[in-house]
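Results of the structural survey
The chain contents come next:
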Amino acid sequence: MEIQNIVDLISSTDSSDNEFEPQVRRPRVFKERRNYLLTMNNEEFKKRFRLSKNAVIHIIDQIRDKIAHRTDRNNSVSPENQVLLTLRFYALGTIYQAVGDFVGVSTATAGRIIPRVTHEIAKTRKDIIRMPSTQEEINQAKLNFFQSLNFPELLV
């Protein structure tokens, strides 16, 4: 009796009329992508991204050609937003979803952008990141840390 119930169930749901109906794709939803370089004042920008606008523009100029998409197909993410997404991730140390929502991209897109932009920033580190090299520069850096952040002097 159980076998007959299973056969009846299969035959009742096996309607050949519905099998070949075309699947309707759900419409693509694009999130709003704001350019924070234009919409935020300098103070608010530095709070959010931990760098000045001028420093971020310099980074973008250094790596733009390496991270820009060849076309605007599929609502590609601009180099500015890619760098801002990555810097926001650095500033927060959080998950891709949170920073992706901030810039207007999906978690998967953030997961592709952040490693790629990080790699390009790291490749240009000699042009972007400068560490003090003389004893005088080291002492000045220590003094600046102490004066601005009450960072204690390290005994070296």
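None of these values were measured; they are calculated from a predicted model.

A word on the overall build of the protein chain
Of regular secondary structure, the protein chain possesses nine helices and zero strands. Ordering the α and β elements of the protein chain from the N terminus gives α-α-α-α-α-α-α-α-α. Burial status across the protein chain gives 23% buried among its 156 residues. Counting contacts in the protein chain only where the partners sit at least 6 residues apart, residues at least 24 apart contribute 55% of the total. Accessible surface, the protein chain as shown: approximately 12200 Å² in total, 53% of it carbon and sulfur.

Concerning the packing of helix α5 (residues 79-92) against helix α6 (residues 96-103)
Contact pair α5 / α6: the axes reach a minimum separation of 9 Å and the direction vectors enclose 140 degrees. What the angle tells us is that α5 and α6 run oblique. Between α5 and α6 the crossing geometry is right-handed. Contacts between α5 and α6 involve Asn81, Leu84, Leu85, Arg88, Phe89 and Leu92 from the former and Tyr96, Val99, Gly100, Phe102 and Val103 from the latter. Taken together, the residues of the contact of α5 with α6 sort by class into eight nonpolar, two polar and one charged.

Re the pattern of salt bridges
Scanning all chains against the criterion turns up five salt bridges. A salt bridge links glutamate 43 to lysine 47; its shortest N-O distance comes to 3.9 Å. Of this pair, glutamate 43 and lysine 47 are both found in helix α3 (residues 42-49), four residues apart, which corresponds to roughly one turn of the helix. A residue is classified by how much of its surface remains accessible, and lysine 47, at 51% relative accessible area, is exposed. Here the salt bridges do not stand alone but share partners, grouping Asp61, Arg64 and Glu80 into one network.

With respect to helix α4 (residues 53-67)
The largest bend in α4 amounts to roughly 40 degrees and is located at aspartate 61. Considered for burial, the residues of α4 that qualify are Lys53, Val56, Ile59, Ile60, Ile63 and Ile67.

Section: unusual backbone geometry
The phi dihedral of arginine 50 falls on the positive side, at around 65 degrees, and the residue is not glycine. Topologically, arginine 50 is positioned in the loop between α3 and α4. Judged by its relative accessible area of 56%, arginine 50 is exposed.

Re the packing of aromatic side chains
On inspection of all chains with the given rule, the structure shows five aromatic pairs. Ring geometry for phenylalanine 45 versus phenylalanine 49: centroids 4.7 Å apart, planes at 40 degrees, classification tilted. Pair noted here: phenylalanine 45 and phenylalanine 49 are both in helix α3, with a separation of four residues, about one helical turn. Phenylalanine 49 matches phenylalanine 45 in its accessibility class, with the two residues each being buried.

Quick word on α3
The N-cap of α3, judged by a side-chain oxygen 3.2 Å from the amide nitrogen of glutamate 43 a few residues on, is asparagine 41. The first or second residue beyond α3 is arginine 50, which carries a positive phi of 65 degrees.

Quick notes on the side chain of arginine 88
Checked against the element boundaries, arginine 88 lands in helix α5. The side chain of arginine 88 sits in the buried core without any salt bridge; glutamate 44 is the nearest counter-charge, 7.8 Å away. Non-local contacts of arginine 88, meaning those with residues more than four positions away in its chain, are made with Arg48, Phe49, Val99 and Phe102.

About the criteria used
Residues numbered from 1 in each chain as written. Predicted model: local features only at pLDDT ≥ 70, side-chain atom pairs only at ≥ 80, totals over all residues. Heavy atoms only, no water. Helix = DSSP H or I, 4+ residues; strand = E, 2+ residues; numbered from the N terminus. Buried < 20%, exposed > 50% of the residue type's maximum accessible area, 1.4 Å probe, protein only. Contact = heavy atoms within 4.5 Å. Areas by Shrake-Rupley, 256 points an atom, 1.4 Å probe, with all protein chains shown as cover. Axes fitted to C-alpha atoms, helices over the stretch in contact; angles between N-to-C directions. Parallel < 35°, antiparallel > 145°, perpendicular 65-115°, else oblique. Left-handed = near helix turned anticlockwise from the far one by under 90°. Nonpolar A, V, L, I, M, F, W, Y, C, P; charged D, E, K, R; others polar. Salt bridge = Lys/Arg side-chain N within 4 Å of Asp/Glu carboxyl O. Bend = angle between axes of the 7 residues up to and from the residue. Phe/Tyr/Trp six-rings, centres within 6.5 Å; stacked < 30°, edge-to-face > 60°. Polar contact = N/O pair within 3.5 Å; in protein donor to acceptor, adjacent residues only side chain to side chain. Lys, Arg positive; Asp, Glu negative; His and termini not counted.

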